[in-house]
Amino acid sequence: MKDYLIRGLALNKEVRFFATKTTNLVEEIRKRHNGYPTAMAAVGRVATVTAMMGAMQKSGDSVDVRVRGNGKIGKILATANELGEVRAYATNMQLHLPSNDQGKLDVKGVVGTTGEIVVIKDLGLVDKYTTTSPIVSGEIAEDFTYYFAMSEQVPSAVSLGVLVDVDNTILAAGGFIIQVLPQASEETITKLENVIANIKPISTLINEGNTLENIVELLFGDDYTILNENNIEFKCNCSKEKYSSALLILGKDELVDMLNEEQIETVCSFCNNKYIFTIAEIQELIDSL
Ligand SMILES: [Zn+2]
């Protein structure tokens, strides 16, 4: 089943929701980086919340998320846009820890419990809007719940999950964000809290074969409207041209030094694609300066 995202309104239109299935996206990230289970749970959760934040952007805008905790995974970076194109990686993807006391992948153990979340909204051209928020748990969903409450003043429930198979492939991944709109009544908020406290983990629900529509129904009964649905896919916007420009920025002296090598290999951190520049191509770049 393909990855997708739905968004809509529920509970007498007093809340808005985003729900996504990201199993293929997280598996694609795992394959490209040879990610180990605990690291993949962390990166997969960040990729999933970023996919939903991408859906919150206007046409043409993108969102860039950086989670910088004090754990061994280092920085987790993800970007997404409103078309559902997502990419993500972390400094150290080969990390695996024993399960935590709830028998779950120890995400906090690799992310750390202090640090910050940086969210950069690229509003096209040169306009960028940056907000930061502290890491409060290291489990990612709680950290973004805090981010939405403090940085965007929107009370939200965030659920994120990644289920890894015994052979380390991704069995199921997904998430939802439910945001309380200003006109919401106390009754609606209480109802919502009860439902969220009692629902199974989203990765379990997806692994059981539930569609996002099934999951939304478990949350809201029939009191919801889906406004939009779109595909989610791994997509990196790197290209050889972008790396040519990056090499040019290094300047003539650096490029002349490179002529001593057999070839120059550049690697995209996000997708692990390699771009090879031959000595003749480096010479062309020098000549163009
Ligand atoms: Zn790339």
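Rules used in this analysis
Residues numbered from 1 in each chain as written. Predicted model: local features only at pLDDT ≥ 70, side-chain atom pairs only at ≥ 80, totals over all residues. Heavy atoms only, no water. Pairing = 2+ DSSP bridges. Helix = DSSP H or I, 4+ residues; strand = E, 2+ residues; numbered from the N terminus. Axes fitted to C-alpha atoms, helices over the stretch in contact; angles between N-to-C directions. Contact = heavy atoms within 4.5 Å. Core = buried A, V, L, I, M, F, W, Y, C linked by side-chain atoms within 4.5 Å. Buried < 20%, exposed > 50% of the residue type's maximum accessible area, 1.4 Å probe, protein only. Arc of directions from axis to C-beta. Salt bridge = Lys/Arg side-chain N within 4 Å of Asp/Glu carboxyl O.

Asker: Which parts of the structure should I look at to understand the sheet that holds strand S1 (residues 4-10)?
Answerer: Strands in a sheet are paired, the pairing made by backbone hydrogen bonds, and the direction either parallel or antiparallel. Pairing within the open sheet is antiparallel, and its 5 strands lie in the order S8-S9-S2-S1-S10. This sheet does not close on itself; its edge strands, each paired only once, are strand S8 (156-164) and strand S10 (224-231). Across the sheet, the axes of successive neighbouring strands diverge by a mean angle of 10°, strand direction being ignored. With 9 bridges joining them, S8 and strand S9 (residues 170-180) adopt antiparallel strand pairing. Along S9, the bridge assignment pairs Ala157 with Ile178. Packing against the sheet, helix H2 (residues 37-55) makes contact with S1, strand S2 (15-21), S8 and S9, and its axis sits at approximately 140° to S8. Seen against the sheet, helix H4 (residues 141-151) touches S8 and S9 and runs at an angle of roughly 160° to S8.

Asker: Any chance you could explain the nonpolar core here in plain terms?
Answerer: Counting residues in hydrophobic clusters, the biggest one holds 67 residues, and the most contacted among them are Val67, Ile73, Val111 and Phe144. With 12 residues, H2 is the largest single contributor of residues to this core. In this structure, Val111 is in contact with Ala42, Val67, Gly69, Asn70, Gly71, Ile73, Ile76, Ile135, Gly138 and Ile140, ignoring residues within four places of it in sequence. Ile6, Leu11, Ile178 and Val216 belong to the second-largest nonpolar core, a separate cluster that totals 23 residues.

Asker: How should I be thinking about helix H10 (residues 279-288) in this particular structure?
Answerer: Residues spaced three or four apart along an α-helix point in a common direction, a consequence of the helix completing one turn every 3.6 residues. Turning to H10, its buried residues are Ile282, Leu285 and Ile286. Along H10, the residues classed as buried sweep out an arc of 100° about the axis, all on the same side. Of the residues in H10, the exposed ones pointing more than 90 degrees away from the buried face are Ala280, Glu284, Asp287 and Ser288. Those residues of H10 that are buried are in contact with helix H8 (240-250), helix H9 (252-258), strand S12 (263-267) and strand S13 (274-278).

Asker: Which parts of the structure should I look at to understand the pairing of S13?
Answerer: In the case of a regular strand, side chains alternate between the two sheet surfaces. Only one face of S13 is covered, namely the face carrying Tyr275 and Phe277; the face carrying Lys274, Ile276 and Thr278 is uncovered. With antiparallel pairing between neighbouring strands as the criterion, S12 and S13 make up a hairpin whose turn holds 6 residues, including Asn272 at a positive phi of roughly 70°.

Asker: Any chance you could explain H4 here in plain terms?
Answerer: Along H4, the residues that are buried comprise Ala141, Asp143, Phe144, Tyr147 and Phe148. Burial along H4 is one-sided: seen end-on, the buried residues are contained in an arc of 155°. Phi turns positive, to about 55°, at Gln153, one or two residues after H4.

Asker: Can you help me understand the pattern of salt bridges in this one?
Answerer: Between side chains of opposite charge, pairing is possible as soon as their charged atoms come close. Within the structure shown, the criterion is met by 12 salt bridges. Residues Arg68 and Glu116 are paired through a salt bridge, measuring 2.6 Å at the closest nitrogen-oxygen approach. Taken together, the residues span a long stretch of sequence, with Arg68 in strand S3 (residues 62-69) and Glu116 in strand S6 (residues 115-122) at a distance of 48 residues. Arg68 gets classed as partly exposed once you look at its relative accessible area, which sits at 33%. Linking Lys235 and Glu85 is a salt bridge whose minimum nitrogen-to-oxygen distance equals 3.6 Å. A residue pair is termed long-range when its members are at least 10 positions apart, and Lys235 in the loop between strand S11 (233-234) and H8 and Glu85 in strand S5 (residues 85-90) qualify at 150 residues.

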